[in-house]
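Single-letter residue listing:
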Amino acid sequence: MPHLLHIDSSLAPEGSVSRGVAEAYAESWRKHHPDGTLTHRDLATSPPPHLNWALVSGGQTPPEQRTPEQAEAVKIREEYLEEVESADEYVISVPMYNYAYPSTIKAWLDQVIVMGRTAGGTAGDGVLAGRKVTVITAQGGSYAPGAPKEGWDHQVPYLRHAFEVLGADNIEFITVVMTLSKMNPALAAFTDVFEASRTAAEQAARDRAAA
């Protein structure tokens, strides 16, 4: 039975572009997999713990020798690991904050990247190998070649590398640009670009889910 893990990370409970595109994916997936299982985790409403010494040391300590703090940290990580390992398809929505990704995404990745278990270090060698991964990103401006802030995108490059460490070899990024055009007067001229980008992203998400 197909199993989709849907991860959201936007701080906005309503009106989020990244959440909206990811939901378009999820809706299409449910339509094409009526008997499938969909697990949804919202990293904004339930943030994962940041990496700490109790978790790192606990993972290197035999279970019967762990302190209560180590045992609890490892138990929490197991919940995230089991979600990732039990799914066979993934959609992850990630807005851009200050030219990068939300700290909750980094915390989540720190929970699920475990060398020798979920991660092998390269595409095709890890838990995501052979599984479909779709990453929805939203960016307030544009970082395309020739744009004033070309090279300032510290969101997509990191995410691509992180998911490749988890073995992703069937990964697609769907990006909406100029999301701030409706609220930043300096970007008002790019509203049409944003609308076209969002429409194209939603359709791409639906098509990707149905494939």
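From a predicted model like this one, the values you see are computed outputs, not experimental measurements.

Cut-offs used in this document
- Residues numbered from 1 in each chain as written.
- Predicted model: local features only at pLDDT ≥ 70, side-chain atom pairs only at ≥ 80, totals over all residues.
- Heavy atoms only, no water.
- Salt bridge = Lys/Arg side-chain N within 4 Å of Asp/Glu carboxyl O.
- Buried < 20%, exposed > 50% of the residue type's maximum accessible area, 1.4 Å probe, protein only.
- Helix = DSSP H or I, 4+ residues; strand = E, 2+ residues; numbered from the N terminus.
- Pairing = 2+ DSSP bridges.
- Axes fitted to C-alpha atoms, helices over the stretch in contact; angles between N-to-C directions.
- Phe/Tyr/Trp six-rings, centres within 6.5 Å; stacked < 30°, edge-to-face > 60°.
- Contact = heavy atoms within 4.5 Å.
- Core = buried A, V, L, I, M, F, W, Y, C linked by side-chain atoms within 4.5 Å.
- Expected span 1.5 Å × (residues − 1).
- Right-handed = clockwise from strand over helix to strand, strands pointing away.

Participant: A description of the pattern of salt bridges should follow, citing residues and the corresponding values.
Facilitator: Counted by the stated rule, this structure contains eleven salt bridges. Salt-bridge contacts for Arg30 lead to Glu23; the nearest nitrogen and oxygen are separated by 2.6 Å. Accessibility expressed as a relative area gives 27% for Glu23, which makes it partly exposed. Across the pair Glu195 and Lys182 runs a salt bridge whose closest N-O atoms are separated by 2.5 Å. Note that Glu195 is positioned in helix 6 (residues 191-210) and Lys182 in the loop between strand 7 (171-176) and helix 6, a separation of 13 residues in sequence. With relative accessibility at 54%, the residue Lys182 sits in the exposed group. Three or more residues are tied together by salt bridges with common partners; here these are Asp8, Arg19 and Asp42.

Participant: Lay out the sheet that holds strand 1 (residues 3-8) in plain terms, naming residues and giving numbers.
Facilitator: The parallel open sheet is built from five strands, whose spatial order is 2-1-3-6-7. Taken across any chain shown, the strands that pair with only one partner, and hence form the sheet edges, are strand 2 (37-42) and strand 7. Neighbour to neighbour, the strand axes of the sheet diverge by 15 degrees on average, direction disregarded. Here strand 3 (residues 89-95) pairs with strand 6 (residues 132-138) via seven bridges, running parallel. Paired with Ile92 across the bridge in strand 6 is Val135.

Participant: Tell me about the packing of aromatic side chains, residues and numbers included.
Facilitator: Throughout the structure, instances matching the rule amount to four aromatic pairs. Taken together, a centroid distance of 4.8 Å and an interplanar angle of 70 degrees make the contact between Tyr99 and Trp152 edge-to-face. With a gap of 53 residues between them, Tyr99 in the loop between strand 3 and helix 4 (103-112) and Trp152 in the loop between strand 6 and helix 5 (156-165) connect regions that are remote in the sequence. Given a relative accessible area of 30%, Tyr99 falls into the partly exposed group.

Participant: Go over helix 4, please, and point to the residues and values.
Facilitator: Within helix 4, seven of the ten residues are buried, which leaves the element mostly enclosed by the surrounding structure. Buried residues of helix 4: Thr104, Ile105, Ala107, Trp108, Leu109, Gln111 and Val112, and no others. Along its buried surface, helix 4 packs onto strand 1, helix 2 (53-59), helix 3 (68-86), strand 3 and helix 5.

Participant: Can you break down the nonpolar core residue by residue, with the values?
Facilitator: As a rule of thumb, nonpolar side chains are buried together in soluble globular proteins. In this structure, Trp108, Leu109, Leu128 and Phe163 are the most contacted members of the largest nonpolar core, which totals 27 residues. Listing elements by their share of this core, those giving two or more residues are strand 1, helix 3, strand 3, helix 4, strand 6 and helix 5. Each residue touching Phe163, except ones within four places of it in the same chain, is listed here: Ile92, Trp108, Leu109, Leu128, Val135, Ala168 and Ile171. Ranked by size, the runner-up nonpolar core spans 18 residues in total, among them Leu4, Val17, Val176 and Met178.

Participant: I'd like to hear about the environment of Ala12, residue by residue, with values.
Facilitator: Following the sequence through the fold, Ala12 ends up in the loop between strand 1 and helix 1 (17-32). Residue Ala12 is classed as partly exposed on the basis of its relative accessible area of 25%. Through-space distance from the C-alpha of Ala12 to that of Thr45 is 9.9 Å; in sequence the pair is 33 residues apart.

Participant: Which residues make up helix 1, and what values do they have?
Facilitator: For helix 1, which comprises 16 residues, the first-to-last C-alpha distance of 23 Å matches the rise-based estimate of 22 Å (1.5 Å per residue) to within 8%. Among all positions of helix 1, only Val17, Ser18, Arg19, Val21, Ala22, Ala24, Tyr25, Ala26, Ser28 and Trp29 are buried. Against the buried residues of helix 1 lie strand 1, strand 2, strand 3, strand 6, strand 7 and helix 6.

Participant: Let's hear about the pairing of strand 7: which residues, and what values?
Facilitator: The pairing of strand 6 with strand 7 spans six bridges and is parallel. When the bridges of strand 7 are listed, Val135 appears paired with Phe173. On the question of chirality, the crossover connecting strand 6 to the parallel strand 7 by way of helix 5 is right-handed.

Participant: Which residues make up the pairing of strand 3, and what are the values?
Facilitator: The buried fraction of strand 3 is high, at seven of seven residues. The alternating pattern of strand 3 places Glu89, Val91, Ser93 and Pro95 on one face and Tyr90, Ile92 and Val94 on the opposite face, and all of these are buried.

Shape descriptors only; they carry no functional weight alone.
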